[in-house]
Amino acid sequence: MGRRKSYTEAELLDVTKKLLLEHGYDGFHLKLLSEHLVGARSTIYQYFANKEEIVAACMKRVMRSIMSKSAEVDETDSLAALQQILYVYVEESDFHQLLGDAHKININNSEAAARDMTFIEQGHEELKVQLGRIFAKASGEGHLRQDVPLPAQISVFFNLINTPNVLRMPLPEWSVLLFSMWMKGVAK
């Protein structure tokens, strides 16, 4: 019978995400990770072979969560769907910070990391297709301005998720406020 692990893979990935957000990819290393986990550093290697695998698995886990929540969005009412999608994206807004370092992962060092990064790229494309579909529907129904190109509207909408929550509102309220500002503007 093997020695009991001090932490689960989920706990390891939670701590990895936290440290990546605090220190970035370059500042993240296995020693730092082990300092934030209860148990021997060698336990990390029972789950992952190297830094690339851990970081890629962390990113994949977040992408899987976003995709799962996005798949649950009811697209019947296009505006309600856009508001729901915005909430999903705001809820995981720090994922974009993680993705900013994705290019630093050397996928040649690990087949597992390469597979995870492929999953992330494919997931990102699926999310873009869904968002484009909902936007096209909302535009076709006359809910969106026709004088502003759809790609520009999508870009501004997508970038709402990076807006700092300076009011420290609960995420549901914050996403509603962002959606309202996007739809109605701030002019009188």
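Data block above holds the structure.
Keep in mind the model is a prediction, meaning the values are calculated, not measured.

Visitor: With reference to specific residues and values, describe the layout of surface pockets.
Guide: The computed volume of the largest pocket comes to approximately 220 Å³. Among the secondary structure elements, those contributing two or more residues to the lining of the largest pocket are helix H7 (150–159) and helix H8 (171–184). Residue classes in the lining of the largest pocket are distributed as 6 nonpolar, 3 polar and 2 charged. Approximately 160 Å³ is the volume attributed to the second largest pocket. If you go around the second largest pocket, the residues you meet are Ile66, Tyr89, Phe95, His96, His124, Leu127, Lys128, Leu131, Gly132, Ile154 and Phe158. Listed by contribution, the elements that provide at least two residues to the lining of the second largest pocket are helix H5 (95–99), helix H6 (111–140) and H7. With 5 residues, the single largest contributor to the lining of the second largest pocket is H6.

Visitor: Outline the packing of aromatic side chains, listing residues and values.
Guide: Under the counting rule described, the total for this entry stands at 6 aromatic pairs. Taking the centre distance of 5.5 Å and the plane angle of 80 degrees together, the rings of Tyr89 and Phe158 count as edge-to-face. Of this pair, Tyr89 sits in helix H4 (residues 78–91) while Phe158 sits in helix H7; the two residues are 69 residues apart in sequence, bridging distant segments of the chain. The class of Phe158 is partly exposed, set by a relative accessible area of 25%. Ring plane angle 70 degrees and centroid distance 5.1 Å describe the contact between Phe157 and Trp182, whose orientation is recorded as edge-to-face.

Visitor: Could you give an account of H6, naming the residues involved and the relevant values?
Guide: Across its 30 residues, H6 extends 43 Å between first and last C-alpha, which sits within 8% of the 44 Å expected from 1.5 Å per residue. Among all positions of H6, only Ala113, Asp116, Met117, Ile120, Gly123, Leu127, Gln130, Leu131, Ile134, Phe135, Ala138 and Ser139 are buried. Its buried side turned inward, H6 meets helix H3 (51–71), H4, H5, H7 and H8. Measuring from the side-chain oxygen of the N-cap residue of H6 to the backbone nitrogen of Ala112 gives 3.2 Å; that N-cap residue is Ser110. Positioned one or two residues after H6, Gly142 has a phi angle of 80 degrees, which is positive.

Visitor: Before we move on, can you summarise empty space enclosed by the protein with the specific residues and values?
Guide: Tallied over the entire structure, the rule returns 1 cavity of 30 Å³ or more. For the largest cavity, the calculated volume is near 40 Å³. As for the largest cavity, its lining consists of Leu20, Gly24, Tyr25, Val55, Met59, Gln97, Leu98 and Asp101. Going through the elements one at a time, helix H1 (9–27), H3 and H5 are the ones with two or more residues in the lining of the largest cavity. Looking at the lining of the largest cavity, the element that brings in the most residues is H1, giving 3 residues.

What counts, and where the lines are drawn
- Residues numbered from 1 in each chain as written.
- Predicted model: local features only at pLDDT ≥ 70, side-chain atom pairs only at ≥ 80, totals over all residues.
- Heavy atoms only, no water.
- 1 Å grid on protein atoms, 1.4 Å probe; cavity = no way out; pocket = protein on both sides within 12 Å on 5 of 7 lines; lining within 4 Å.
- Points joined across faces, edges and corners; volume = space filled by probe spheres on them.
- Helix = DSSP H or I, 4+ residues; strand = E, 2+ residues; numbered from the N terminus.
- Nonpolar A, V, L, I, M, F, W, Y, C, P; charged D, E, K, R; others polar.
- Phe/Tyr/Trp six-rings, centres within 6.5 Å; stacked < 30°, edge-to-face > 60°.
- Buried < 20%, exposed > 50% of the residue type's maximum accessible area, 1.4 Å probe, protein only.
- Expected span 1.5 Å × (residues − 1).
- Contact = heavy atoms within 4.5 Å.
- Polar contact = N/O pair within 3.5 Å; in protein donor to acceptor, adjacent residues only side chain to side chain.

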